[in-house]
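Given next are the chains, with one letter for each unit.
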Amino acid sequence: IFPSMYNGLFRWRSNTKRFLQLITGLLVVNYILLIVTWFSVKDANGYTHYDPETGNAQPVSEYNKDAFMHNAVVLGWYLFSPFWILYFVVGACTAFLYDAYRPTEKVNARYWGYVADGCSLVILIWSICLVSVSVWYATVKEGFQS
């Protein structure tokens, strides 16, 4: 896919508006895929290393059966190319956008450094939110059941 994608992106080489539109569209597709995947597996069974009734440890053969669907979806997400190729294409588009705009050659290069740092912070904060949403979801779910 790389040679054909590179040739396609090279034709738009100096068109920053088109790169921004493409990146935005790809990020929207990514968001939709993540939402669909989240709602598809949010109630999947996890590993039950311990019997919920007795609290005793279960044999490996028992708890490996529990999370088969969850493991299949997670591995499919990362190993099935239509999902990970999206991240590769967004990265390539971002590199072409940087090459088209050339922020280091502008008077306001420091501003673009702050924008890049801000993007890094947004990604970090978003990652923290994604990790903590499962804790929040479990807490809310327990609150509704009691």
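Up top is the structure these notes are about.
Structural notes, computed from the coordinates. (Residues numbered from 1 in each chain as written. Predicted model: local features only at pLDDT ≥ 70, side-chain atom pairs only at ≥ 80, totals over all residues. Heavy atoms only, no water.)

With respect to the packing of aromatic side chains
Two aromatic rings are characterised by how far apart their centres lie and by the angle between their planes. By the definition in use, this model includes four aromatic pairs. Ring plane angle 20° and centroid distance 5.9 Å describe the contact between Tyr6 and Phe10, whose orientation is recorded as stacked. Of this pair, Tyr6 and Phe10 are both found in helix H1 (residues 2–11), four residues apart, which corresponds to roughly one turn of the helix. For Tyr6, a relative accessible area of 35% corresponds to the partly exposed category. On the numbers, 6.0 Å between centres and 65° between planes, the contact of Trp12 with Phe19 is edge-to-face. Exposure remark for Phe19: the relative accessible area of 0% places this residue in the buried category. (Phe/Tyr/Trp six-rings, centres within 6.5 Å; stacked < 30°, edge-to-face > 60°. Helix = DSSP H or I, 4+ residues; strand = E, 2+ residues; numbered from the N terminus. Buried < 20%, exposed > 50% of the residue type's maximum accessible area, 1.4 Å probe, protein only.)

Considering the pattern of salt bridges
Using the criterion set out here, one finds one salt bridge in the structure. Close ionic contact of Arg13 with Asp99 constitutes a salt bridge, the shortest N to O distance being 3.4 Å. One end of the pair, Arg13, is in the loop between H1 and helix H2 (16–41); the other, Asp99, is in helix H5 (residues 81–101), and 86 residues separate them in sequence. Here Arg13 falls in the partly exposed class, since its relative accessible area comes to 38%. With relative accessibility at 25%, the residue Asp99 sits in the partly exposed group. (Salt bridge = Lys/Arg side-chain N within 4 Å of Asp/Glu carboxyl O.)

Describing the packing of helix H4 (residues 68–79) against H5
One way to put it is that H4 packs onto H5 with a least axis distance of 5 Å and a crossing angle of 45°. Overall, the two elements H4 and H5 adopt an arrangement that is oblique. Between H4 and H5, the residues in contact are Gly76, Trp77, Tyr78 and Leu79 and Ser81, Phe83, Trp84 and Tyr87, respectively. The residue inventory of the contact of H4 with H5, partitioned by class, reads six nonpolar, two polar and no charged. (Axes fitted to C-alpha atoms, helices over the stretch in contact; angles between N-to-C directions. Parallel < 35°, antiparallel > 145°, perpendicular 65-115°, else oblique. Contact = heavy atoms within 4.5 Å. Nonpolar A, V, L, I, M, F, W, Y, C, P; charged D, E, K, R; others polar.)

Topic: the packing of H2 against H4
Relative orientation and spacing of two packed helices are given, respectively, by the angle between their axes and the distance between those axes. Running from N to C, H2 and H4 cross one another at 165°; their axes reach a closest spacing of 11 Å. Taken as axis vectors, H2 and H4 run roughly antiparallel relative to one another. Seen along the crossing, H2 lies across H4 with a hand that is left-handed. For the pair H2 and H4, the contacting residues are Leu33, Leu34, Thr37 and Val41 in the first and His70, Val73 and Trp77 in the second. Grouping the constituent residues of the contact of H2 with H4 by class yields five nonpolar, two polar and no charged. (Left-handed = near helix turned anticlockwise from the far one by under 90°.)

A few points about a nonpolar patch on the surface
Taken together, the side chains of Val28, Tyr31, Ile32, Ile35, Val36, Trp38, Phe39, Trp126 and Leu130 present a nonpolar region at the surface, about 910 Å² in accessible area. Contributing elements (two or more residues each) for the nonpolar patch: H2 and helix H6 (109–145). The greatest single-element share of the nonpolar patch, amounting to seven residues, is contributed by H2. On the secondary structure map, Val36 appears in helix H2. (Patch = residues over 30% accessible without salt bridge, like charges linked within 9 Å, V, L, I, M, F, W, Y side chains within 5 Å. Areas by Shrake-Rupley, 256 points an atom, 1.4 Å probe, with all protein chains shown as cover.)

Side note on the nonpolar core
Burial of nonpolar side chains together is a common tendency in soluble globular proteins. One finds Met5, Leu9, Phe19, Leu26, Val89 and Cys93 to be the most contacted residues of the largest nonpolar core, which totals 13 residues. Listed by contribution, the elements that provide at least two residues to this core are H1, H2 and H5. Ranked by residues supplied to this core, first place goes to H5 with eight residues. Those residues in contact with Val89 that sit more than four places away from it in its chain are Met5 and Leu26. (Core = buried A, V, L, I, M, F, W, Y, C linked by side-chain atoms within 4.5 Å.)

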